[in-house]
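This is what each chain is made of:
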Amino acid sequence: MNYSEIMVRYGELSTKGKNRQAFIGRLHGNITKALHEFPALTIRPKRDRLHIELNGEDSTAVMARLSKVFGIQSYSPSVKVAKEMAAVHEAALALMNETVPEGSSYKVYTRRSDHTFELDTNEMNLNLGDFFVDHRPDLKVQMRQPDFTLRVEVRREAIYLSTQTILGAGGMPVGTAGKAMLMLSGGIDSPVAGYYALKRGVDIEMVHFFSPPYTSDSALNKAKQLTTKLAPYAGYIKFIQVPFTEIQETIKATVPEGYLMTVQRRLMLRLTAALAEKRGGLAIVNGESIGQVASQTLESMVAINDVTTMPIIRPVATMDKTEIIKVAEDIDTYALSIMPFEDCCTIFAPPSPKTKPNLDKSRYFESKLDVAGLMERALAGVKITEIKSSDEFMNQDQDLITELL
Ligand SMILES: Nc1ncnc2c1ncn2[C@@H]1O[C@H](COP(=O)(O)OP(=O)(O)OP(=O)(O)O)[C@@H](O)[C@H]1O
């Protein structure tokens, strides 16, 4: 079908009272960013809808991008017609023929912002209903839960017709809820946590710890590749890689085995909080899930969380692994996450870490380190890359073979 525009309905933001304008403004910006590869589009935000005029661009490709923009409740590809009934009949029939299979049930639903138009909403519904009795006798009218609704919008400049309402990504426009740092490992959970943070409107920057030569380039590239999977939801994402080798080696040489994991995590959190403060981040997001592994018991969280008062958001904390995997598959991070590149935490993991570390002992063992010096050197080695969805960081087959050899 040759659609003329995509009509976008706002999500939760329509309930936000006087913040509404700011929310619509941000959504407008995010949609513009997501659709930057389609130069002919005209995007017009209005009070209760946003209109994307296609001007010849491919509606299917535009909708594929739109489906990943948070803050959209639903959208409808629409046909624009002149405000005369002969034109409306012709276009409505073409649209119904193409999108509504034989024998379906349907209803006509008209909205009118131009009250000067010759037919009111009831008259328009009846007029089109009569027209389809003659031209699509296979269809049956059904007011409650029809298979299809032919939506007719009578606006000042034209009439718009649509038969499809496609569910959007929901949530809130990214950026309306401030910025946070996502602690991104190469695993399954943290990318899912990032997805949920973005969905609530939080703009994220990735913080990834790596430990060459113990961790390979492939492990680092895998974390970057995971970032490309979340980038379509955010436009682009800053990836901050933090060298962690010196810290891990020092901890291994200084701290008793049972507390290696806890003290490592404390240092990771300290560094992430320091980066957040420097870069305007208001919170930290991670992929911890209660009880999943030794470092994720509540006692462990107490011993690790101790190093900062910054809010730590754990979107997947109460989810089962199977639920997290389902989302990872939906957002297409799962296949990458299960590739077997070692994370720095796994490599330095003691055989039996304390599942219930003691807070005072954690503080004591950490106090044996030159925390300030270690942090200063790690932060001096930080590298920041801006990642977008089209970036490629790994040749998956080749990297896998190298890792396995
Ligand atoms: N190398 C890393 N860089 C940044 N953050 C990390 C790193 N390793 C772990 N984290 C953070 O700590 C959380 C817990 O990590 P851990 O390895 O214990 O658990 P996990 O359940 O395997 O998580 P994931 O599946 O996200 O790796 C991760 O979800 C992530 O937020």
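Note that the coordinates shown come from a computational prediction; the quantities given were computed from them, not determined experimentally.

> Account for the nonpolar core, with residues named and values stated.
Core analysis: the biggest nonpolar cluster contains 100 residues, and Leu161, Leu182, Leu198 and Ile204 have the highest contact counts within it. In terms of residue count, helix α8 (residues 260-279) provides more of this core than any other element does, nine residues in total. Sequence-distant contacts of Leu161, that is, excluding residues within four places in its chain, are made with Ser78, Val79, Val81, Ala91, Ala92, Leu95, Leu150 and Val152.

> Requested: an account of the packing of helix α7 (residues 245-254) against α8, with residues and values cited.
Contact geometry for α7 and α8: axes closest at 10 Å, N-to-C directions at 145 degrees. For α7 against α8, the interelement crossing comes out right-handed. On the side of α7, the interface is formed by Ile247, Gln248, Ile251 and Lys252, while α8 contributes Leu260, Val263, Gln264 and Leu267. Among the residues forming the contact of α7 with α8, the class breakdown is five nonpolar, two polar and one charged.

> Could you give an account of the site of the ligand, with specific residues and numbers?
As a matter of local geometry, the ligand sits amid 20 residues, with Ser185, Gly187, Ser190, Asn286 and Gly287 nearest to it. Contributing elements (two or more residues each) for the shell around the ligand: α5 (189-199), β11 (203-210) and α12 (344-347). Here the shell around the ligand gets three residues from one element, more than from any other, and that element is β11. Taken together, the residues of the shell around the ligand break down into eight nonpolar, nine polar and three charged.

> Go over the packing of α8 against helix α13 (residues 359-367) with me, naming the residues and quoting the values.
Look at α8 against α13: their axes get within 10 Å of each other, and the N-to-C directions meet at 70 degrees. Our classification of the angle between α8 and α13 gives roughly perpendicular. Of the residues in α13, those touching α8 at Thr262, Val263 and Arg266 are Ser362, Phe365 and Glu366. Each residue belonging to the contact of α8 with α13 can be placed in one class, and the counts come to two nonpolar, two polar and two charged.

> Requested: an account of the UniProt feature "domain: THUMP" (unreviewed entry) in the protein, with residues and values cited.
Taking the UniProt record as the reference, the feature "domain: THUMP" (unreviewed entry) is found at residues 60-165. Helix makes up 35% of residues 60-165 and strand 29%. Its end C-alpha atoms lie 14 Å apart.

> Account for the environment of Phe132, naming residues and giving values.
Mapped onto the elements of the fold, Phe132 is located in helix α4 (residues 121-135). The spacing of Phe132 and Glu205 is 73 residues in sequence and 53 Å in space, taken between C-alpha atoms.

> Give me the UniProt feature "binding site: ATP" (unreviewed entry) in the protein: which residues, what numbers.
Here, UniProt's "binding site: ATP" (unreviewed entry) annotation points to Met183, Leu184, His208, Phe209, Arg265, Gly287 and Gln296. Within the secondary structure, His208 sits in strand β11. If we ignore the near neighbours within four places in the chain, the residues touching His208 are Leu184, Ala223, Phe239, Ile240, Gln241 and Val242. Mapped onto the fold, Gly287 is located in the loop between β13 (283-285) and α9 (298-305). Residue classification places Gly287 among the buried positions, given that 24 C-beta atoms sit within 10 Å. With near-sequence residues (within four places) excluded, Gly287 lies in contact with Ser185, Gly187, Asp189, Ser190, Val192, Ala193 and Val316.

> Tell me about α5, and name the residues and values.
Where burial is concerned, most of α5 is hidden: nine out of the 11 residues are buried. The set of residues buried in α5 consists of Asp189, Ser190, Pro191, Val192, Ala193, Gly194, Tyr195, Ala197 and Leu198. Just downstream of α5 lies Gly201, where phi reads positive at about 90 degrees.

> Before we move on, could you go through the sheet that holds β11 and cite the residues and values that matter?
A sheet is described by the order of its strands in space; here six strands give the open sequence β14-β13-β10-β11-β12-β15, paired in mixed fashion. Looking at the sheet topology across the chains shown, the edges are occupied by β14 (312-313) and β15 (383-387). Pairing of β11 with strand β12 (residues 237-243), which is carried by five bridges, proceeds in the parallel orientation. Each residue of the ladder has a partner; that of Met206, found in β12, is Phe239. Its contacts with the sheet place α5 against β10 (179-183), β11, β13 and β14, and it is angled at close to 170 degrees to β10. Running over the sheet, helix α6 (residues 217-234) touches β11, β12 and β15 and is turned about 160 degrees from β12.

Reading the values: rules and limits
- Residues numbered from 1 in each chain as written.
- Predicted model: local features only at pLDDT ≥ 70, side-chain atom pairs only at ≥ 80, totals over all residues.
- Core = buried A, V, L, I, M, F, W, Y, C linked by C-beta atoms within 7 Å.
- Buried ≥ 20, exposed ≤ 12 C-beta atoms within 10 Å, placed from the backbone.
- Helix = DSSP H or I, 4+ residues; strand = E, 2+ residues; numbered from the N terminus.
- Contact = placed C-beta atoms within 7 Å.
- Axes fitted to C-alpha atoms, helices over the stretch in contact; angles between N-to-C directions.
- Left-handed = near helix turned anticlockwise from the far one by under 90°.
- Nonpolar A, V, L, I, M, F, W, Y, C, P; charged D, E, K, R; others polar.
- Near = placed C-beta within 6 Å.
- Parallel < 35°, antiparallel > 145°, perpendicular 65-115°, else oblique.
- UniProt positions renumbered as here; feature names shortened; annotations may be inferred.
- Pairing = 2+ DSSP bridges.

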